[in-house]
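# Fold and contact review
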Amino acid sequence: MQIRELKIQGAWEFTPVQHGDARGAFLEAYRADVLEDTVGHPLDLRQVNMSISSRGVARGIHYALVAPSQAKYVTAVRGAFIDYIVDIRVGSPTFGQWDSVRIDDVDRRAVYLSEGLGHAIVALEDQSTVNYLVSAHYDPEREKGISILDPTVGLELPDGIGEPVLSEKDTSAPTLEQAAELGLLPTYEECIAYTESLRTNGGAR
């Protein structure tokens, strides 16, 4: 498995080795030991989510309050997406910046993002399906969002998609500046401290 650290601290891209023959292909889509060696602690898997999207559907920018927030290991099991990782941690050296990875059913890359980072996806094909391994159960009281169209963040949406299709919740999400003013964003210090506590405790919360 090839591993590439993204420009946002706490996020990585994983590209599996695929073994193909006349029958099809085989790959290791997730390796707990590889992830642990990379991020410094195990993924405390608590829930597996799946979303199916039509072309042009955008989901995000989503995050959960720290702690425990939600670390995510994201793969596309069908179709293709642009996956965005956004640094929303106040005080971070890359606050407000983002990186992106194409995840699809060809290269079968995965993206890992640590607790406290923002996440968004845009579907490039109909019936595109994403699988999420997450480190905390869904808690609607702790789930927050930033507008994917916030010009301050400036996500570069895929060419040819047009106006992204958003949920009502994502349409009404605040900008990064508004969320900061409301005190809804995690701080860089608390995110780093929480990650260090996971390393000390072997991933246990």
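Check the entry above for the structure.
Structural notes, computed from the coordinates. (Residues numbered from 1 in each chain as written. Predicted model: local features only at pLDDT ≥ 70, side-chain atom pairs only at ≥ 80, totals over all residues. Heavy atoms only, no water.)

### Considering the sheet that holds strand 8 (residues 80–86)
Short version of the rule: If DSSP finds at least two bridges between two strands, the strands pair. Secondary structure elements follow DSSP: runs of H or I no shorter than four residues count as helices, runs of E no shorter than two count as strands, and numbering proceeds from the N terminus. The axes used here are C-alpha line fits, helices contributing only the stretch in contact, and every angle between their N-to-C directions lies in the interval 0 to 180 degrees.
With antiparallel pairing, the five strands of this open sheet are ordered in space as 9-8-11-6-13. Of all strands in the sheet, those bounded by a partner on one side alone are strand 9 (98–104) and strand 13 (143–145). With strand direction ignored, the average angle separating the axes of adjacent strands in the sheet is 25 degrees. As paired strands, strand 6 (residues 58–64) and strand 11 (residues 118–123) are joined by four bridges and run antiparallel to one another. Bridge pairing in strand 11 links G60 to A120.

### Notes on the pairing of strand 2 (residues 11–15)
For the record, the criterion: Relative accessibility decides the category of a residue: with a 1.4 Å probe and only protein chains considered, values under 20% of the type maximum give buried, values over 50% give exposed, and everything between is partly exposed.
Across the five residues of strand 2, five count as buried, placing the element largely inside the fold. Every second residue of strand 2 is oriented toward a common face, with A11, E13 and T15 on one face and W12 and F14 on the other, all of them buried. Note that strand 1 (residues 2–5) and strand 2 share four bridges and pair antiparallel. When the sheet's bridge partners are listed, I3 is paired in strand 2 with F14. Between the antiparallel neighbours strand 1 and strand 2 lie five residues, among them G10 with a positive phi of about 95 degrees. The pairing of strand 2 with strand 10 (residues 110–113) spans four bridges and is classified as antiparallel. Within strand 10, the position partnered with W12 by the bridge is Y112.

### Some words on a nonpolar patch on the surface
The criterion, for reference: Only residues whose relative accessible area exceeds 30% and that form no salt bridge are eligible for patches; like-charged ones are grouped when within 9 Å, while nonpolar side chains (Val, Leu, Ile, Met, Phe, Trp, Tyr) are grouped when within 5 Å. Here the accessible surface of atoms and residues is derived via Shrake-Rupley with a 1.4 Å probe, and residues count as covered only by protein chains that are part of the display. By definition here, a salt bridge exists when the distance from a side-chain nitrogen of Lys or Arg to a carboxyl oxygen of Asp or Glu is within 4 Å.
A cluster of nonpolar residues, M50, I52 and V77, forms a patch on the protein surface that exposes about 290 Å² of accessible area. Mapped onto the secondary structure, V77 falls in strand 7 (residues 72–78).

### Examining the sheet that holds strand 10
To be explicit about the condition: By definition in these notes, contact holds between two residues if any of their heavy atoms fall within 4.5 Å.
The sheet built from six strands is open, its strands ordered 1-2-10-7-12-5 with antiparallel pairing. Strand pairing shows two members of the sheet lacking a second neighbour, strand 1 and strand 5 (47–53), which therefore form its edges. For this sheet, the mean angle separating the axes of adjacent strands, direction not counted, is 20 degrees. Pairing between strand 7 and strand 10: four bridges, direction antiparallel. Across the sheet, residue V74 finds its bridge partner in strand 10, namely V111. Helix-sheet contacts for helix 1 (residues 32–39) involve strand 1, strand 2, strand 7 and strand 10, and the interaxial angle to strand 2 is about 145 degrees.

### Brief notes about unusual backbone geometry
Cis geometry marks the peptide bond from V66 to A67, where omega comes out at -10 degrees. Tracing the backbone through its elements, the reader meets A67 in the loop between strand 6 and strand 7. Cis geometry is adopted by the peptide bond preceding P68, which originates at A67 and carries an omega value of 5 degrees. Looking at the secondary structure, you find P68 in the loop between strand 6 and strand 7. Positive phi values are uncommon outside glycine, yet S69 reaches one of about 60 degrees. Looking at the element boundaries, S69 is found in the loop between strand 6 and strand 7. Phi angles above zero are rare outside glycine, and Q127 is one such case at about 60 degrees. As for its position among the elements, Q127 is in the loop between strand 11 and strand 12 (128–134). For Q127, a relative accessible area of 39% corresponds to the partly exposed category.

### Quick notes on the side chain of S128
Formally: Pairs of N or O atoms are called polar contacts if they sit within 3.5 Å, as long as, within protein, a hydrogen donor faces a hydrogen acceptor (for residues adjacent in sequence, only side-chain-to-side-chain pairs).
Its place among the elements puts S128 in strand 12. Taking relative accessible area as the criterion, S128 reaches 0% and is therefore assigned buried. One polar contact links the side chain of S128 to the main-chain carbonyl oxygen of E125, over a distance of 2.8 Å. Among all residues touching S128, those that are not within four sequence positions of it are S51, I52, S53, R78, G79, A80, F81 and A123.

### Considerations on the nonpolar core
Test applied: Residues grouped as a nonpolar core are buried Ala, Val, Leu, Ile, Met, Phe, Trp, Tyr and Cys residues, joined through side-chain atoms within 4.5 Å.
One finds I61 and L155 to be the most contacted residues of the largest nonpolar core, which totals 20 residues. The biggest single contributor to this core is strand 8, with four residues. Contact partners of L155, with chain neighbours within four places excluded, come to I61, Y84, V86, W98 and I148. Ranked by size, the runner-up nonpolar core spans 17 residues in total, among them V101, I103, V111 and Y132.

Coordinates in, geometry out; function isn't part of it.
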